[in-house]
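# Architecture at a glance
For reference, the chains in residue letters:
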Amino acid sequence: MACLGTNYTISNYLTNIKMAYSNIPSPCYVLEENLLISNLELLASVRQRAGIEIICALKGFSFYHEFPLVKQYLDGATASSLNEARLAFEEMNVKSHVYSPAYLESEFTELKNYASHISFNSLRQYETFASRAMQLHISCGIRINPEYAEVETEMYNPCIAGSRLGIRRADLGTILPAGIEGFHSHTLCENDSYVLSRTLAVIDEKFGEFLPQLKWLNLGGGHLITREGYDVDHLVKTLQDFKAKYPNLTIILEPGSAVGWQTGFLKSTVLDIVESAGITVAIVDCSFAAHMPDTLEMPYKPRIRYANSEPEIGKPTYRFGGMTCLAGDFYGDYSFDKALQIGDEIIFEDMIHYTMVKTTTFNGVNLPSIGKIDQAGNFVLYKSFGYESYKDRL
Ligand SMILES: Cc1ncc(COP(=O)(O)O)c(C=O)c1O
């Protein structure tokens with residue numbers, strides 16, 4: 001437990017939390033509010049020490065029941081679609097910084113109502129839409145592509161050759177179109193402050209001549225500030241140095257992962273245990289493909305509470321299989337101290353960011369419920385899903 005709200009004692013919390021676990025349905029994403037607060041406190045301290053703005057990226061963290069809390073610590077939200085911008089407006093009561101690879105004519109009029117800043121992905125998009133945004137005093141910018149990223153997975157690297165994301169220096173010309181007030185650059189993914197520092201050097205080298213004319217520089221997401229071991233002091237110093245060079249710029253970071261990082265879990269239950277060619281497979285009531293897609297896309301092996309992710313000879317060891325019929329919907333192997341039984345609870349750790357925003361009802365599998373353990377240790381159920389959620393998408 002990282003921190004407790006001031007009104008709660010540890011013994012109260014521990015009593016409540018025991019009860020909380022017995023109330024959680026299965027499967028269910030469960031956010032732990034005290035862990036979220038601890039992330040938000042850290043982000044707020046960076047924001048204050050570095051003199052920058054930090055906004056929450058809805059694409060990674062859209063747990064809107066907590067938006068009022070997020071708003072107490074951060075400067076608002078960043079949205080990548082009309083729906084996200086509207087959600088931030090309705091639930092966080094803020095106008096978003098918006099960026100999308102392309103805007104829809106049919107949505108732009110409404111989108112403007114929910115935006116304080118809009119970044120455009122191409123000069124053509126800027127010419128098409130910016131004047132309408134400026135009439136509403138929305139600050140307009142463009143996304144640049146510095147062609148420098150230290151991201152190993154191509155799927156998450158916005159600087160791959162032929163990337164559609166952002167304008168390369170060679171395509172920008174020597175004079176910025178009138179009205180551009182900011183640059184947006186997103187090239188990090190779960191990176192540290194040293195990658196940011198090297199990235200800033202490239203931005204400065206390639207785009208530095210424009211920076212004195214601008215009001216803001218949005219350095220996107222991918223800053224995993226809340227990961228253990230992140231060098232926060234180095235980040236603060238890096239940002240302070242950059243600000244000293246360009247005092248005209250408001251620097252903005254828009255992390256998603258760092259907000260929701262290790263703030264909760266996905267509870268599931270063992271439905272069956274089958275033997276297959278010497279491998280023991282526990283089938284759970286959730287799915288890697290449908291409910292934890294990054295585990296297969298990124299890919300990474302999720303942690304399971306009380307299990308060793310490195311299989312140990314001599315201990316009960318299982319592969320976990322999801323509920324869909326996709327052959328690859330599994331992860332293994334994990335060792336436990338005791339053999340699993342049907343009905344046992346399986347807790348997949350760190351399943352709040354980039355999970356519920358990406359779920360599918362593939363195979364007609366239900367979406368996990370959504371709830372939280374509040375600051376006092378009580379479980380609060382927000383939603384459960386059924387047939388209508390499945391049918392609505394078809
Ligand atoms: C433009 C932009 N901003 C912010 C983010 C959030 O990044 P992260 O959740 O890794 O911090 C992303 C993620 O893809 C992004 O594309």
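Residues numbered from 1 in each chain as written. Predicted model: local features only at pLDDT ≥ 70, side-chain atom pairs only at ≥ 80, totals over all residues. Heavy atoms only, no water.

Our focus in this paragraph is the pairing of strand E1 (residues 28-32). Across the five residues of E1, five count as buried, placing the element largely inside the fold. Residues Cys28, Val30 and Glu32 of E1 are buried on one face, and the alternating residues Tyr29 and Leu31, pointing to the opposite face, are buried as well. Here E1 pairs with strand E17 (residues 369-373) via five bridges, running parallel. Bridge pairing in E17 places Val30 opposite Gly371. (Buried < 20%, exposed > 50% of the residue type's maximum accessible area, 1.4 Å probe, protein only. Helix = DSSP H or I, 4+ residues; strand = E, 2+ residues; numbered from the N terminus. Pairing = 2+ DSSP bridges.)

This next bit is on the site of the ligand. Taken together, Ala57, Lys59, Arg143, His184, His186, Gly221, Gly222, Glu254, Pro255, Gly256, Ser257 and Tyr354 make up all the residues around the ligand. Note that an oxygen atom of the ligand is positioned 2.9 Å from one of the backbone N or O atoms of Gly256. Here an oxygen atom of the ligand and a backbone polar atom of Ser257 are 2.8 Å apart. Out of a free accessible area of 390 Å², the ligand has 87% covered by protein chains. When atoms are counted within 2 Å of each cavity's grid points, the one that captures over half of the ligand is the largest pocket. (Near = heavy atom within 4 Å. Polar contact = N/O pair within 3.5 Å; in protein donor to acceptor, adjacent residues only side chain to side chain. Areas by Shrake-Rupley, 256 points an atom, 1.4 Å probe, with all protein chains shown as cover. 1 Å grid on protein atoms, 1.4 Å probe; cavity = no way out; pocket = protein on both sides within 12 Å on 5 of 7 lines; lining within 4 Å. Sits in = over half its atoms within 2 Å of the grid points.)

Here the protein chain is partitioned into domain 1 (10-30 + 262-392) and domain 2 (33-260). On a C-alpha basis, the centroid separation for the pair domain 1 and domain 2 is 32 Å. Contact between domain 1 and domain 2 buries roughly 1,800 Å² in total, counting both sides, with carbon and sulfur atoms accounting for 56%. By the criterion of area lost to domain 2, the three top residues of domain 1 are Thr263, Met298 and Gln375, representing 32% of everything that side buries. (Domains from an automatic or database assignment. Buried area = accessible area lost by both parts, 1.4 Å probe.)

Attention now goes to the pairing of strand E12 (residues 264-276). As judged from the four bridges shared by E1 and E12, these two strands associate in the antiparallel manner. Across the sheet, the residue bridging to Cys28 is Lys267, located in E12. Bridge analysis of E12 against strand E13 (residues 279-284) gives six bridges, and the strand direction is antiparallel. Residue Val270 lies in a different strand from E13, and its bridge partner there is Val284. If you look at the hairpin formed by E12 and E13, you'll find two residues sitting between the two strands, and Ala277 has a positive phi there, around 50°.

Right, let's talk about the layout of surface pockets for a bit. Here the largest pocket defines a volume of roughly 1,100 Å³. For the largest pocket, the lining is made up of 45 residues, of which Lys59, Tyr156, His186, Cys189 and Tyr354 are closest to its centre. Taken together, the residues that form the lining of the largest pocket break down as 18 nonpolar, 15 polar and 12 charged. Mapped onto the domain boundaries, the lining of the largest pocket takes at least three residues apiece from domain 1 (10-30 + 262-392) and domain 2 (33-260). Roughly 540 Å³ of volume is contained in the second largest pocket. Every residue lining the second largest pocket is counted, 20 residues in all, and those nearest its centre are Ser62, Tyr64, Leu87, Met356 and Val357. Examining the composition of the lining of the second largest pocket, we find that four residues originate from one element, helix H4 (residues 82-91), more than from any other. (Points joined across faces, edges and corners; volume = space filled by probe spheres on them. Nonpolar A, V, L, I, M, F, W, Y, C, P; charged D, E, K, R; others polar.)

Under the criterion given, the structure shown has 19 salt bridges. Lys372 is the partner of Glu33 in a salt bridge, and the nearest nitrogen-oxygen pair spans 2.9 Å. Linking Glu33 in helix H2 (residues 33-50) with Lys372 in strand E17, this pair joins segments that are 339 residues apart in sequence. The exposure classification of Glu33 matches that of Lys372, with both residues buried. Ionic pairing is found between Lys245 and Asp204, a salt bridge with its closest N-O pair at 2.6 Å. Taken as a pair, Lys245 in helix H8 (residues 232-245) and Asp204 in helix H7 (residues 193-207) lie far apart in primary sequence, 41 residues in all. One continuous salt-bridge network, built from bridges that share partners, spans Glu33, Glu66 and Lys372. (Salt bridge = Lys/Arg side-chain N within 4 Å of Asp/Glu carboxyl O.)

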